[in-house]
Number of protein chains: 2
Amino acid sequence: MRQTFDESTDPSFGPKHVPLIRQAMAEQGLDGFLVPHEDEHQNEYLPAANDRLAWATGFTGSAGAAVIMKDKAAIFVDGRYTLQVRDQVDQNLFEIRDLVEGGVSAYLESATGRGQAIGYDPRLHSPDALERLKAAAAKAGVELRPVSPNPLDKAWGQARPPQPTAPVVPHPLDYAGEESASKRQRVGDGLAGRGADAAVITAPASIAWLFNVRGGDVIRSPLPIGQAILNADGSARLFLDPQKVTPELPAWLGNQVRLETPEDLPQALTELRGKRVLVDAAQSSAWYFEALGGAGAEVLRGDDPCALPRACKNAVEIEGARKAHARDGAALTRFLHWLATDAQASPPDEIEAVRRLEAFREETGALKDLSFDTIAGAASNGAIVHYRPTERLNKRAEKGSLLLIDSGAQYLDGTTDVTRTVAIGEPTQEMRERFTLVLKGNLALARVRFPAGTTGSALDALARVALWQHGLDYDHGTGHGVGSYLGVHEGPQRISKAPSTVALRPGMIVSNEPGYYKEGAYGIRIENLQFVTEPENIPGGERPMMGFETLTLAPIDRRLIDASLLNEEERAQLDAYHGRVLEVVGPQVPADVRAWMAEACAAIAP
Amino acid sequence: MRQTFDESTDPSFGPKHVPLIRQAMAEQGLDGFLVPHEDEHQNEYLPAANDRLAWATGFTGSAGAAVIMKDKAAIFVDGRYTLQVRDQVDQNLFEIRDLVEGGVSAYLESATGRGQAIGYDPRLHSPDALERLKAAAAKAGVELRPVSPNPLDKAWGQARPPQPTAPVVPHPLDYAGEESASKRQRVGDGLAGRGADAAVITAPASIAWLFNVRGGDVIRSPLPIGQAILNADGSARLFLDPQKVTPELPAWLGNQVRLETPEDLPQALTELRGKRVLVDAAQSSAWYFEALGGAGAEVLRGDDPCALPRACKNAVEIEGARKAHARDGAALTRFLHWLATDAQASPPDEIEAVRRLEAFREETGALKDLSFDTIAGAASNGAIVHYRPTERLNKRAEKGSLLLIDSGAQYLDGTTDVTRTVAIGEPTQEMRERFTLVLKGNLALARVRFPAGTTGSALDALARVALWQHGLDYDHGTGHGVGSYLGVHEGPQRISKAPSTVALRPGMIVSNEPGYYKEGAYGIRIENLQFVTEPENIPGGERPMMGFETLTLAPIDRRLIDASLLNEEERAQLDAYHGRVLEVVGPQVPADVRAWMAEACAAIAP
């Protein structure tokens, strides 16, 4: 069993750990300390050793921050985590605030006193984030003081888990589809084209992509923590903990890549004196900017030069994604069959559902890991967007309610992420109506054609309009990028209300996951992954249009569809999708599942 | 007759005027000079005296720029004007370049030589635009040198028309709906809230709105050119050419507003020493920033504080807009009746169509002006998005083709802007299909409901999806803001592909104008104005939703609709719209027009 159901923190973490942090703050002469969720590598998912926010507060969400002052403290979370934070954090100790509206900056302005010294660790903040904080501190007349080591790490001390040392292994060309040398040349040419001599690459996903390697330092992702300097000529220096270097790695990297240790990095940065060096100000911490600036390099702020080429999957990666999704779809379909048959008579609890699904995936023989801990949300737990079942919160699915299962897997040939919502017993008419509105949004975003230059934010509303027309909406983005045997959340593209200037490009994989959440009652989400197709001429049209091909293949619960709310185009689209599911998944599953599928994938009557 | 059909420029303008400009450049020691389209007031539409780009090049479009070097020259226009520029500008003299892709900055980088001095007039560039130009000049090793007076104005000399001096008159409360004192207090409070002591207001539409006055300095808009300093306490200094001050104006402005002359402005700016002064870096020229900075004021860059309150029309303005559109719809419907009856037998030319329409509007007795020169585009001229008929270009509508008419009017109670496309003779099936796809987009954007915070860029795709699915698109925005007896193009909201952070708010008027253009053949556009309605609960829903109410009332040509492409919801929506047209416009028009309307507004058969 990969997934566990314990809780790594509890609300006593704050009362136990904050006094230790305050003592270390006092020793350093600080009136406060900033605790971001991000770690040295600006990852979304953290190794346990770097989850400082969880250790200080008890909060385990994937985004947030805290400010610990001598005599008060506040924690900042976004709309996804307003319920969870109250459950995990001691509110006598921490004031709960909104991360987005105002956030830490507003707190610095309003809750600190002139002349106070607030410490921060420059390794933990991107320069972009730091500049906003510094502006707020300046307004408040507060000093933001860099500290190293920081008081939290000092307080954590011996109790802190060790840094991860998962082996870094080659990612074969059969999956990667392009030699590292070719990628380095391509990205290097791009650097030269914008007048840069080199780039500092720190995002683990970019390290993995650029050198065709995979690791395991970050939970649920094959990400290797490391740093690299890529030169415009395509040569590179790669800094990895020697414990992680597998015997085959040096030869795999070739002689254009110098393998070094993280201890060599500061010296390597000083050797960039006089060079023009590109660094991503959102992905790389302020420490790199200070080190390069101090060394006399000219720092160019720009996007991680690997982010866009990594996001645009090549033909081998797309073919891998198709295979991974066919395999994963069969595992998920076996699970949905179980839910629709045996489990209807005696509904499972969430943990049982998670175990069953993991077992089906394990039986594929190809599972490297889950791509994230499965969210199984029964009834009201389904309305908590970032819910994760634990022994304490575990709930049994009730007849007449819904079970939401959001899950994914890591296979060598691809990463999956899929959500299905299933009726347990007989759903109410309200559930069916709202499920169908969510489905209409999913279908609209799956069938849209669009010209070059279109961003995800231009398409987001298509997934919401059916809900909006009925006075409903959901408080999360509609789609995120997904890696190829890499992170399940990957930029730079996304489909959301937030304005974006990143155009969708062929080969980008994005999720399509509208939802609806009735607090205290149930949650609905339908999520497929889809990739952007090449621009193609449409008969009778004038301009080539891109579109999406859906990768995820698993039945959508027909018992939750109110066909009277679908128009002819939508019915035909859903029927065609179910036809593909039957065709691809059917041959992979046992006869009883296949027999059930025939019904589960049958055409929708108007 | 208000509209004229002559051409104010011709391609000889460049050959005649550029040598004069070059001579003045040489006298000032310049190797080049930047000619923006914008004038001292950063207006879209210019008084003839300030249309420097037209005088230098012959190009009369509403956006563009030129760079005149000693030995070469280039003109920059966007996608709307690629045909027009070739018609108006001598290409032996001017290289034609894209204003958006690269633009003037790229030209400075590639086409100038190190050490050259390029002059610019700081009164003609916003600081935002100037910073981009300066960055490009720095890369190219070129000096951007401020010059005053600039060599173009010197060359123009006595031939330059005088500055406009239209009288500035009170705009009564029956139309404005809010006292100037109340507006000044409201905007002043906003200034105080962000720590500003004052704002410098230079946009003529903001001057008009803030002081409840109207003028006539800019063609087709009742805009008064002037400047104001608004203090956080609601008091103000207003700088107007004394020739424009009507006798009733001082009393109308009241004793909180000091009326002064433009000559007093520089001194008034120096009196802001030590104050925090808000200036809009996109609306106000760099000259203001330099003057305030030089005077020792602290300049805060921010949006024109009048822009957002001006855009959100109050109840009186909305009621005025309804009346203006009912009146204007009657005039337009009389015109459409003529086009559908008499004009079918013997199709008119474009100028005749424009004259007829203007005559119907004049007969309302309320017409203050057109809101822009009517675009009547017959057949292939309809495919030129910013076409304006002239004696030289005038074309007769052909049987079996389309006539596109985009027009609008200025009334005291509101500004209108409407486009209808009408079949002359029997349209082809292709025309009907494409018209119906455009109509589907217009209907989708008219019926959408959306939550607070939604921007126009999030809704833009709704108007395009039907076209996109058929491999078609249009190369202009879908909607622009419209003033209340003010400019027909007004920010800050817009509906376009370009990312926007300005949320739509109740009372904002926007156009809804998808189109399709077949170069060399015909153009289709359907444009209605609509305003954002207050958030309202939807039965069975949970969140209040805003929406749109359509203001424009005139039949949409049913002969161009392929009903088989509309779904039931779209047919019902169109029928309901035509029902409103019949109800509101019907009683205002003669009996024969009313009889025709019954048919033109009849329900669409499936």
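Our subject is the structure that appears above.
These figures come from a predicted structure and were not determined experimentally.

**Topic: the nonpolar core**
Within soluble globular proteins, side chains that are nonpolar generally end up buried alongside one another.
Piece 1. Of all hydrophobic cores here, the largest spans 156 residues; its most connected members are Phe335(A), Phe548(A), Phe335(B) and Phe548(B).
Piece 2. The residues contacting Phe335(B), other than those within four sequence positions of it, are Ala353(B), Arg356(B), Leu357(B), Phe360(B) and Ile405(B).

**Considering the packing of aromatic side chains**
Residue and element names in this part refer to chain B.
Piece 1. Per the counting criterion, the structure on display carries 14 aromatic pairs over all chains.
Piece 2. Arranged with centres 5.9 Å apart and planes meeting at 35 degrees, the rings of Phe335 and Trp338 form a pair that is tilted. Taken as a pair, Phe335 and Trp338 lie in helix H14 (residues 315-340) at a separation of three residues, close to a single helical turn. Of the two residues, Phe335 and Trp338, neither departs from the other in class, the shared state being buried.
Piece 3. Across the ring face of Phe289, the terminal group of Arg301 is positioned such that the distance to the ring centre comes to 5.5 Å.
Piece 4. The ring of Tyr411 has Arg327 sitting right over it, with the charged end atom 4.9 Å from the ring centre.

**Details of the packing of helix H17 (residues 429-447) of chain A against helix H20 (residues 568-585) of chain A**
Residues and elements named next belong to chain A.
Piece 1. Contact geometry for H17 and H20: axes closest at 10 Å, N-to-C directions at 80 degrees. In terms of axis orientation, H17 runs roughly perpendicular to H20. Across the interface between the two elements, Leu439, Lys440, Leu443, Ala446 and Arg447 from H17 touch Glu569, Glu570, Gln573 and Leu574 from H20.
Piece 2. Of the residues in the contact of H17 with H20, the class split is four nonpolar, one polar and four charged.

**Considering the interface of chain B and chain A**
Size of an interface: often given as the accessible area lost when the parts come together.
Piece 1. Between chain B and chain A, the residue contacts involve 33 residues of the former and 33 residues of the latter.
Piece 2. Of the roughly 2500 Å² buried between chain B and chain A on both sides combined, carbon and sulfur atoms contribute 52%.
Piece 3. Of all residues in chain B, Trp468(B), Gln469(B) and Arg543(B) bury the most surface against chain A, accounting for 24% of the area lost on that side.
Piece 4. Counting across the interface, chain B meets chain A through four salt bridges.
Piece 5. When the shortest N-O distance is used, the salt bridge between Arg434(B) and Glu542(A) registers 3.3 Å.
Piece 6. Between the two partners, chain B and chain A, sit 16 residue pairs in polar contact (both at pLDDT 80 or more).

**A closer look at unusual backbone geometry**
Residue and element names in this part refer to chain B.
Piece 1. Cis peptide bonds are those with omega within 30 degrees of zero, and the linkage from Ser148 to Pro149 qualifies with -5 degrees.
Piece 2. Residue Pro492 follows Gly491 across a cis peptide bond; omega there is 5 degrees.
Piece 3. As for its position among the elements, Pro492 is in strand S22 (residues 490-495).

**Considering the pairing of strand S1 (residues 32-36) of chain A**
Residues and elements named next belong to chain A.
Piece 1. A large share of S1 lies buried, amounting to five of its five residues.
Piece 2. Sheet topology note: the S1/strand S5 (residues 117-120) ladder contains two bridges and is parallel. Paired with Phe33 across the strands is Gly119, a residue of S5.
Piece 3. Of the strand pairs in this sheet, S1 and strand S2 (residues 65-69) are connected by five bridges, and their pairing is antiparallel. Paired with Leu34 across the bridge in S2 is Val67.

**Here we look at the sheet that holds strand S15 (residues 369-370) of chain B**
Residues and elements named next belong to chain B.
Piece 1. Pairing is antiparallel in the open sheet, where three strands are placed in the order S15-S18-S19. The sheet terminates laterally at S15 and strand S19 (414-415), the two strands that pair on one side only.
Piece 2. When strand S18 (residues 409-411) meets S19, the two strands line up antiparallel, connected through two bridges. Bridge pairing links Gln410 to Thr415 in S19.
Piece 3. Sheet strands in contact with H14 are S18 and S19, and its direction is about 135 degrees off that of S18.

**A word on the environment of Asp557(B)**
Residues and elements named next belong to chain B.
Piece 1. Residue placement: Asp557 occurs in the loop between strand S27 (545-550) and helix H20 (568-585).
Piece 2. Residues Asp557 and Lys399 lie 158 residues apart in sequence; the distance between their C-alpha atoms is 15 Å.
Piece 3. Contacts of Asp557, omitting those with residues within four sequence positions, involve Thr421, Val422, Ala423 and Phe435.
Piece 4. At a separation of 2.9 Å, a polar atom in the side chain of Asp557 contacts the side chain of Arg559.

**Some thoughts on empty space enclosed by the protein**
Piece 1. For the structure shown, the criterion picks out three cavities of 30 Å³ or more.
Piece 2. Size it by volume and the largest cavity reaches roughly 70 Å³.
Piece 3. Along its surface, the largest cavity is lined by Thr455(A), Ser457(A), Ala458(A), Lys497(A), Pro499(A), Thr455(B), Ser457(B), Ala458(B), Lys497(B), Pro499(B) and Ser500(B).
Piece 4. Elements with a minimum of two residues in the lining of the largest cavity: helix H18 (456-459) of chain A together with helix H18 (456-459) of chain B.
Piece 5. For the lining of the largest cavity, the residue count by class is four nonpolar, five polar and two charged.
Piece 6. When its volume is computed, the second largest cavity comes out at roughly 50 Å³.
Piece 7. If you go around the second largest cavity, the residues you meet are His171(B), Ala176(B), Lys183(B), Trp209(B), Asn212(B), Arg214(B), Arg310(B), Lys313(B), Glu317(B), Ser484(B), Leu486(B) and Glu490(B).
Piece 8. Considering only residue class, the lining of the second largest cavity consists of three nonpolar, three polar and six charged.

The rules we used
Residues numbered from 1 in each chain as written. Chains lettered and ligands numbered in written order. Predicted model: local features only at pLDDT ≥ 70, side-chain atom pairs only at ≥ 80, totals over all residues. Heavy atoms only, no water. Core = buried A, V, L, I, M, F, W, Y, C linked by side-chain atoms within 4.5 Å. Buried < 20%, exposed > 50% of the residue type's maximum accessible area, 1.4 Å probe, protein only. Contact = heavy atoms within 4.5 Å. Phe/Tyr/Trp six-rings, centres within 6.5 Å; stacked < 30°, edge-to-face > 60°. Helix = DSSP H or I, 4+ residues; strand = E, 2+ residues; numbered from the N terminus. Lys NZ or Arg CZ within 6 Å of the ring centre and 35° of its normal. Axes fitted to C-alpha atoms, helices over the stretch in contact; angles between N-to-C directions. Parallel < 35°, antiparallel > 145°, perpendicular 65-115°, else oblique. Nonpolar A, V, L, I, M, F, W, Y, C, P; charged D, E, K, R; others polar. Buried area = accessible area lost by both parts, 1.4 Å probe. Salt bridge = Lys/Arg side-chain N within 4 Å of Asp/Glu carboxyl O. Polar contact = N/O pair within 3.5 Å; in protein donor to acceptor, adjacent residues only side chain to side chain. Pairing = 2+ DSSP bridges. 1 Å grid on protein atoms, 1.4 Å probe; cavity = no way out; pocket = protein on both sides within 12 Å on 5 of 7 lines; lining within 4 Å. Points joined across faces, edges and corners; volume = space filled by probe spheres on them.

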